[in-house]
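So you can see what is in the structure, the chains are spelled out below.
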Amino acid sequence: MNDLLSSLPNMNSLTEHPIFVNMGNERVKSVARAILDDLRHQILSGAISNAPSLDECAGLIFERLSTESSNLRRVINATGVVLHTNLGRAPLGKEMLAEALIACEGYNNLEYDLKTGKRGSRYTHVENLICEIIETEAALVVNNNAAAMVLILATLAAGKNVAISRGELVEIGGSFRVPEIIMQSGAELIEIGSTNKTKLSDYADAVEHKNAELLLKVHTSNYEIVGFTQSVSISELSEYGASVGRPVVYDAGSSFLIDTQPYGFDAGETAMSGLKAGADIICFSGDKLMGCAQAGIIAGRSDLISAMKKHPLTRALRPDKLTLSVLESALRQYRYPDEAATRIPVLAMLFSKSDNLKLRAESFTTRLKASLTNCRVDAVEVMDETGGGSLPNVPLPGWAVSIKPSTLSVNALEQGLRAYKTPIIIRIQDEAILVSVRTLLPGDEDVISEALIELEGKADGGDISHD
Ligand SMILES: *Cc1c(COP(=O)(O)O)cnc(C)c1O
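Below is a short write-up of the structure. (Residues numbered from 1 in each chain as written. Predicted model: local features only at pLDDT ≥ 70, side-chain atom pairs only at ≥ 80, totals over all residues. Heavy atoms only, no water.)

Remarks on the sheet that holds strand E9 (residues 188–192)
Then step 1. The mixed open sheet is built from seven strands, whose spatial order is E5-E13-E12-E11-E10-E6-E9. Here the strands that pair on one side only, and so sit at the sheet edges, are strand E5 (138–142) and E9. This sheet shows a mean twist of 25 degrees between the axes of neighbouring strands, independent of strand direction.
Then step 2. The sheet contact formed by strand E11 (residues 248–253) and strand E12 (residues 281–285) spans four bridges and is parallel. In the sheet register, Tyr-250 faces E12, and the bridge partner there is Ile-282.
Then step 3. Packed onto the sheet, helix H7 (residues 145–157) meets E5, strand E6 (161–165), strand E10 (212–218), E11, E12 and strand E13 (296–300) and runs at close to 160 degrees relative to E12.
Then step 4. Its contacts with the sheet place helix H10 (residues 234–244) against E10 and E11, and it is angled at close to 170 degrees to E10. (Pairing = 2+ DSSP bridges. Helix = DSSP H or I, 4+ residues; strand = E, 2+ residues; numbered from the N terminus. Axes fitted to C-alpha atoms, helices over the stretch in contact; angles between N-to-C directions. Contact = heavy atoms within 4.5 Å.)

Next up, the structure:
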C-alpha cells in the first residue's frame, strides 16, 4: 500500500505536464491536490490496486478542470429540436468560430480603417455582405431582433402612431410582447382589424382617420390562426404604404438567407422575399434560421437605416466583435448557397435527408445493441422540430434511437444522462428515451454510448435508484 502511495506522481511533475500548458498554475495545483487526495483515499480503502500513471493522473485533473470550471458548457442536444431556445439556439460550427478566434484572440480592426489609418465603423464589416446576399441597399446589425424592433420603432415612430393587426400582437419566447415593445419605443399602438381577420381597408382607416404613420407587420412565428381568417400580404400592404407615403416595416422573426427549395426544404420565408414584396424595412434574428450568432439584422431602405444609425439607442444596442466576426464568417459562406447548406450547422440539420437520418439511427442502434445488455434499443421514426418559434407547422420527420432500460427507470436514465460530464439532453416517449440523430454533432454518438454503458453498469451496481 505504501508502495502504491509513493508511486503516485508528485505535484511538480503533474503541474508541469504539457497538457496544462495554457492553464494557470494555481488552478491546476488546486485541482491536482484534490485528485491526489482522492487517489490516496481510494488506495487506503483498497478501492484501487494500481496507482494511475502520470498521464492518467494528468488526464483526471484535466477532465475535472474542464467539466468543473464552466457554468456555461457544451451539452449534447439529442432532442431533435434544431433551434432549441434553452440550448443556445443555433450551434455555430467550427468554421465560424475559427474565424472569430483569429479575429478576437488579439486586437483587430473593429473600428479602425486600415486604408486610411483613421477611425472606422464596426458596422462596415458586415453591411455590404448582408446587402449583397439579401439584395438590398442598406443594413444594420444590433444585439438581437428584439433590439432591432425597438430601434426601428424608436427611430421611425417615436411619438407617432403605429398600425398593426390584432392578429399580430403576439408574444414570442416569454418576454417579447409586440405591444410592449411598441410602447417601450415611444410609439403609440393602433390596433386594427380583429384577431382572425384584417383587411387592407383597416390599414387605410388607421392612416386616414387615426393618423397612423408607420405600418407594422409581424410574423406570427410561433402560432397560426386557422379557419375563418384573412390578412393582408406584405406586397399588398407595401403597395398601399408607398401610395400614401407610410413606411412598411416587417418583423420577419426568423428568415432563411438562401432559397431552400433546391435542398428539398419547401418551407420558411427568406429575407429576400420580404424585401422583394416591397417592405421598406425588414428585421430578423441572427440565431434562428440564419443559423448564426445572436444578432438582430435590420435591412432595407438606406434613408431609414441612416436615421437608425444616428439614433442614440444604436450605441446601447451595438453588437460586439465576437458577434460581428461570427456573422461575417457566416455571411461569407452564404455567398455560396450550396456550401452554406452543408456547412452552416442549422441548415445542414434542417436539410438532412430522411434516408441519411435513418442510416445514422440504424448504425447507432446496431452499435448500442452490441454494447448495452439491459436496454431494448430500436431505430424509430420521430417528429423533430425546427424550434425557436420558427416554422411550428412544418413537419420535420426524423429518426431516433429509442432506448428502453430494464434495470433502471427512464427517469433515472434521463437524469443520469443530464448529469453526465457532457450533459446529454433527450426526450422521453412511451417509457423510452429518444436520441434524435438530426441534432447530433459528429462524435456525439461516442459520448452518448459511453454514458449509457456507464449508467447501465452503475444501475447493476445499485448506484442509481429505481424511481
Ligand atoms: C424570435 C422573434 C423575435 C425576437 O428575436 P430575438 O432575436 O430573440 O430577440 C421578434 N420577433 C419575431 C417575429 C420573432 O420570431
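Details of the site of the ligand
Then step 1. Around the ligand, a shell composed of 13 residues is seen, among which Ala-146, Ser-221, Asp-251, Ser-285 and Lys-288 lie nearest.
Then step 2. In this structure, an oxygen atom belonging to the ligand sits 2.9 Å away from a main-chain N or O atom of Asn-145.
Then step 3. Within the backbone of Ala-146, an N or O atom sits 2.9 Å from an oxygen atom of the ligand.
Then step 4. Starting from 380 Å² of accessible surface for the ligand in isolation, the protein chains cover 94%.
Then step 5. Elements with a minimum of two residues in the shell around the ligand: H7 and E11. (Near = heavy atom within 4 Å. Polar contact = N/O pair within 3.5 Å; in protein donor to acceptor, adjacent residues only side chain to side chain. Areas by Shrake-Rupley, 256 points an atom, 1.4 Å probe, with all protein chains shown as cover.)

Notes on unusual backbone geometry
Then step 1. One non-glycine residue, Arg-89, adopts positive backbone phi at about 50 degrees.
Then step 2. Its place among the elements puts Arg-89 in the loop between strand E2 (81–83) and helix H5 (93–105).

Re the packing of aromatic side chains
Then step 1. Applying the stated criterion to the full structure yields five aromatic pairs.
Then step 2. Pairing Phe-256 with Phe-265 gives two aromatic rings, centres 5.7 Å apart and planes at 75 degrees, and the pair type is edge-to-face.
Then step 3. Looking at Phe-265, the relative accessible area reads 6%, which means it is buried.
Then step 4. In this structure an aromatic cluster arises from ring pairing among Phe-256, Tyr-263, Phe-265 and Phe-351. (Phe/Tyr/Trp six-rings, centres within 6.5 Å; stacked < 30°, edge-to-face > 60°. Buried < 20%, exposed > 50% of the residue type's maximum accessible area, 1.4 Å probe, protein only.)

A few points about the side chain of Ser-285
Then step 1. In this structure, Ser-285 sits in strand E12.
Then step 2. When neighbours within four sequence positions are excluded, Ser-285 is seen to be in contact with Arg-89, Asn-145, Gly-253, Met-290 and Ala-295.

Focus on the pattern of salt bridges
Then step 1. Under the criterion given, the structure shown has 28 salt bridges.
Then step 2. Ionic pairing is found between Glu-135 and Lys-276, a salt bridge with its closest N-O pair at 3.6 Å. Of this pair, Glu-135 sits in the loop between helix H6 (124–134) and E5 while Lys-276 sits in helix H11 (residues 271–276); the two residues are 141 residues apart in sequence, bridging distant segments of the chain. Lys-276 matches Glu-135 in its accessibility class, with the two residues each being exposed.
Then step 3. The salt bridge involving Asp-280 is made with Arg-301; its shortest N-O contact spans 3.1 Å. (Salt bridge = Lys/Arg side-chain N within 4 Å of Asp/Glu carboxyl O.)

Overview of empty space enclosed by the protein
Then step 1. Scanning the entire structure with this criterion turns up one cavity of 30 Å³ or more.
Then step 2. A volume near 30 Å³ is recorded for the largest cavity.
Then step 3. Lining the largest cavity we find Ile-130, Ile-134, Leu-257, Phe-284, Met-290, Ile-297 and Leu-331.
Then step 4. Among the residues making up the lining of the largest cavity, the classes are represented as seven nonpolar, no polar and no charged. (1 Å grid on protein atoms, 1.4 Å probe; cavity = no way out; pocket = protein on both sides within 12 Å on 5 of 7 lines; lining within 4 Å. Points joined across faces, edges and corners; volume = space filled by probe spheres on them. Nonpolar A, V, L, I, M, F, W, Y, C, P; charged D, E, K, R; others polar.)

Here we look at the environment of Leu-97
Then step 1. Within the secondary structure, Leu-97 sits in helix H5.
Then step 2. Leu-97 gets classed as partly exposed once you look at its relative accessible area, which sits at 44%.
Then step 3. Taking the C-alpha atoms as reference, Leu-97 lies 8.4 Å from Ser-325; in sequence the two are 228 residues apart.

As for the packing of H6 against helix H14 (residues 321–334)
Then step 1. In contact at an axis separation of 10 Å, H6 and H14 are set at 30 degrees when each is read in the N-to-C sense. The angle between H6 and H14 falls in the class roughly parallel. Seen from above, H6 lies across H14 with left-handed handedness. Packed against H6, whose contacting residues are His-125, Val-126, Leu-129, Ile-130 and Ile-133, the element H14 presents Leu-324, Leu-327, Glu-328, Leu-331, Arg-332 and Tyr-334 at the interface.
Then step 2. Of the residues in the contact of H6 with H14, the class split is eight nonpolar, one polar and two charged. (Parallel < 35°, antiparallel > 145°, perpendicular 65-115°, else oblique. Left-handed = near helix turned anticlockwise from the far one by under 90°.)

Thoughts on the layout of surface pockets
Then step 1. Considering only enclosed or pocket space, the largest pocket measures out at about 1,300 Å³ in volume.
Then step 2. Surrounding the largest pocket, 39 residues form its lining, Arg-74, Pro-91, Leu-92, Gly-93 and Leu-441 being those nearest its centre.
Then step 3. Counting residues per element, the ones that place at least two in the lining of the largest pocket are strand E1 (76–77), H5, helix H16 (345–350) and helix H17 (354–371).
Then step 4. Among the elements that line the lining of the largest pocket, the one with the most residues is H5, at four residues.
Then step 5. Taken together, the residues that form the lining of the largest pocket break down as 19 nonpolar, nine polar and 11 charged.
Then step 6. Together, 33 residues line the second largest pocket, and His-219, Thr-220, Tyr-223, Glu-224 and Ser-231 are the ones closest to its centre.
Then step 7. Considered class by class, the residues forming the lining of the second largest pocket number 11 nonpolar, 17 polar and five charged.

Focus on H17
Then step 1. With 18 residues, H17 should cover 26 Å at 1.5 Å per step; its first-to-last C-alpha distance of 26 Å lies within 8% of that length.
Then step 2. Turning to H17, its buried residues number three or more, namely Leu-357, Ala-361, Phe-364, Thr-365 and Leu-368. End-on view of H17: buried residues confined to an arc of 110 degrees, all on one side of the axis. More than 90 degrees from the buried face of H17, the exposed residues found are Asp-355, Leu-359, Thr-366 and Ala-370. (Expected span 1.5 Å × (residues − 1). Arc of directions from axis to C-beta.)

Focus on the environment of Ala-212
Then step 1. If you trace the backbone, Ala-212 turns up in strand E10.
Then step 2. Each C-alpha atom, one on Ala-212 and one on Asn-161, is 4.6 Å from the other, the two residues being 51 residues apart in sequence.
Then step 3. If near-sequence neighbours (up to four positions away) are discounted, Ala-212 is found in contact with Asn-161, Ala-163, Ala-206, Val-207 and Arg-246.

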